[in-house]
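Next come the chains, spelled out residue by residue.
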Amino acid sequence: MTTTTLTRFAERYLLDPAVNADPYPYLNALREHEPVFWSPMHRAWLVTGYDQVMRCLRDPAVSADRVRPLMDAVPEGAREDAERAFGILSSWMVFNDPPNHRRLRQVFQEQFAARAVGRYRTFTERATQAMLARKAAPGRTGDLYADIAKPLPALVFARWLGVPQAHGPSFWYWNAKVADLVLGTAQQESEYRTSLQSLCSLEDYLADLVAQRQADPKDDLISSVLAAGRVGDTVTGAEFVGMLTQMAFAGGETTSNLIANTMLALLAQPELLAAVQAEPELAAVAVEETLRLDGPSKMSIRNAARDFDLDGHTVQAGDRIFLVTAAANRDPAKFPEPDAFDLRRADGTHLGFGFGAHFCIGAALARLVAGVVVSVLVRDRPRLALDARRLAWQPSLLNRSLTALPVQY
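Residues numbered from 1 in each chain as written. Predicted model: local features only at pLDDT ≥ 70, side-chain atom pairs only at ≥ 80, totals over all residues. Heavy atoms only, no water.

1. Side note on helix α8 (residues 121-135)
Each turn of an α-helix holds 3.6 residues, which means side chains three or four residues apart point in the same direction. An ideal rise of 1.5 Å per residue puts 21 Å on 15 residues; α8 measures up with 21 Å between its terminal C-alpha atoms. Considered for burial, the residues of α8 that qualify are Thr124, Ala127, Thr128, Met131 and Leu132. Along α8, the residues classed as buried sweep out an arc of 135° about the axis, all on the same side. Projecting away from the buried face of α8 at angles above 90 degrees are the exposed residues Arg126, Ala133 and Arg134. (Helix = DSSP H or I, 4+ residues; strand = E, 2+ residues; numbered from the N terminus. Expected span 1.5 Å × (residues − 1). Buried < 20%, exposed > 50% of the residue type's maximum accessible area, 1.4 Å probe, protein only. Arc of directions from axis to C-beta.)

Structural data, given as structure tokens:
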């Protein structure tokens, strides 16, 4: 008679430092244990299987309208600016369900298409080369995240949006503080106050920029959308400015993390770096595989709009749902050898940018910027190597973000 010893699954807090630093062994174990799991610890359903996440992304019972839980988290003493701030958030596409989501998204659809953002390829390449020359001299030790990955997407996005270079410091400060609110980093009352006030300041700034472009159009996103005639027709002026605050928030950080995570993967496995150096077109493939294997987003949060069945579990109206795309993208039922970084992987249907109605509207721009930056780094700094110092990751449920990427240029 043969006996089998079963290892009992033990739930862990997703912000436990060890899990935050390397979430994949735990997420793989959770998916294998139960791909739809009620977590008493997080008071939410953790959905980790690829098919189950896809079902949720397609199901209208799974709602993106989650501004109220964000507002409920704000301490009483910081509620002074909350009403206006959460009014702004309510116009963000990511917090709206169809058909309202579709109405809002259509305003920007043409400007975010690959053919529209493609004209920024040359600018991105030149900006990367200039930044390398200024901050990353060959042989120097530095932080690839702070030197290149962080500022470069912000520079490209500000140019695309139409923010003058002189306004950059204030603009990106406000964005960083808005991220603290939306991503749950703000904890103290003072931090919430700063985040709420920053969102209001960002809206004021963008409203003024829209007024300037109405009077004097330029070659930028705001002018292009205004020229299309949807503002005042499909959406109100206030909704348009509110959506621009979302664009501003999303425009830099995700792409920065995508660049850093891709470079980490290549530098950690020299044979991958050598392959991209030998075939420069593989830089875009490396970005795509990073989106699957170790992308900038670990999960998205949803709410149940009504009771529904998911994999034999009854999800009740009001329940929180964590769609853990970082686990779904490593589901062996979907991806052969899911924990390997494969530059020849045939199936690219990962969920790194979401799926369906909420597929990331900025995906084409993020892919372009990340692909160009990775390509230039690999080509122009052939001796680029990881520094031996220990890597650290920002504590976040949603984001997968290094605090620094020490390298030898």
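Now, onward.
2. Notes on the packing of helix α15 (residues 253-268) against helix α16 (residues 270-278)
It is the contact of α15 with α16, at a shortest axis distance of 4 Å, that shows an interaxial angle of 110°. Judged on the interaxial angle alone, α16 and α15 are roughly perpendicular. Together, Ala265, Leu266, Leu267 and Ala268 of α15 and Pro270, Leu272, Leu273 and Val276 of α16 make up the contact between the two elements. Looking at the contact of α15 with α16 residue by residue, the class counts come to eight nonpolar, no polar and no charged. (Axes fitted to C-alpha atoms, helices over the stretch in contact; angles between N-to-C directions. Parallel < 35°, antiparallel > 145°, perpendicular 65-115°, else oblique. Contact = heavy atoms within 4.5 Å. Nonpolar A, V, L, I, M, F, W, Y, C, P; charged D, E, K, R; others polar.)

3. Describing the packing of aromatic side chains
As enumerated under the stated definition, the model contains 15 aromatic pairs in all. Here the aromatic rings of tryptophan 38 and tryptophan 45 are separated by 5.3 Å at their centres, their planes lie at 65°, and the arrangement is edge-to-face. Overall, tryptophan 38 belongs to the partly exposed group, its relative accessible area being 36%. Ring centres of phenylalanine 108 and phenylalanine 112 lie 6.1 Å apart, and the angle between their planes is 70°; on these two criteria the pair is classed as edge-to-face. Pair check on accessibility: phenylalanine 108 and phenylalanine 112 agree, each one buried. It is arginine 292 that lies over the ring of phenylalanine 335; its NZ or CZ is 5.3 Å from the centre. (Phe/Tyr/Trp six-rings, centres within 6.5 Å; stacked < 30°, edge-to-face > 60°. Lys NZ or Arg CZ within 6 Å of the ring centre and 35° of its normal.)

4. A closer look at the sheet that holds strand β9 (residues 385-386)
The three strands are arranged β4-β10-β9 in an open sheet whose pairing can be described as antiparallel. Two strands lie at the open edges of the sheet, namely β4 (141-143) and β9, each paired on one side alone. Of the strand pairs in this sheet, β9 and strand β10 (residues 406-408) are connected by two bridges, and their pairing is antiparallel. When the sheet's bridge partners are listed, leucine 386 is paired in β10 with valine 407. (Pairing = 2+ DSSP bridges.)

5. Some details on the state of the cysteines
Within this structure, the stated rule accounts for zero disulfides. The structure places no disulfide on cysteine 56, whose sulfur is separated from the nearest cysteine sulfur, that of cysteine 360, by 20 Å. Residue class for cysteine 360 comes out partly exposed when judged on its relative accessible area of 33%. (Disulfide = S-S within 2.5 Å.)

6. What about the pairing of strand β8 (residues 320-323)?
Examined bridge by bridge, strand β2 (residues 44-47) and β8 share three bridges and lie parallel to one another. Bridging across to β8, tryptophan 45 finds its partner in isoleucine 321. Both strand β5 (residues 300-304) and β8 contribute to a ladder of four bridges, which runs antiparallel. Residue pairing across strands places isoleucine 301 opposite phenylalanine 322, the latter belonging to β8.

7. Description of the confidence of the model for the chain
Residue-level pLDDT values for the chain average 91, and 97% of them are 70 or greater. Overall, residues 1-6 carries pLDDT values under 50, and its contacts beyond four positions in sequence, including any with other chains, amount to zero contacts. (pLDDT = per-residue confidence, 0-100.)

8. Notes on the pairing of β2
A two-sided burial pattern is seen for β2, the buried positions comprising Ala44 and Leu46 on one face and Trp45 and Val47 on the other. The pairing of strand β1 (residues 36-39) with β2 spans four bridges and is antiparallel. The residue of β2 that forms the bridge with serine 39 is alanine 44. Taking the residues between adjacent antiparallel strands as the criterion, β1 and β2 are bridged by four residues, where arginine 43 takes a positive phi near 50°.

9. Quick word on the pattern of salt bridges
Side chains carrying opposite charge are able to pair once their charged atoms draw close together. One pass over the structure, following the stated rule, counts 20 salt bridges. Ionic pairing is found between aspartate 339 and arginine 330, a salt bridge with its closest N-O pair at 3.0 Å. Residue arginine 330 is classed as buried on the basis of its relative accessible area, which comes to 8%. Linking arginine 379 and aspartate 380 is a salt bridge whose minimum nitrogen-to-oxygen distance equals 2.7 Å. Looking at aspartate 380, the relative accessible area reads 26%, which means it is partly exposed. Put simply, Arg55, Asp59 and Arg306 are held in one network by salt bridges that share partners. (Salt bridge = Lys/Arg side-chain N within 4 Å of Asp/Glu carboxyl O.)

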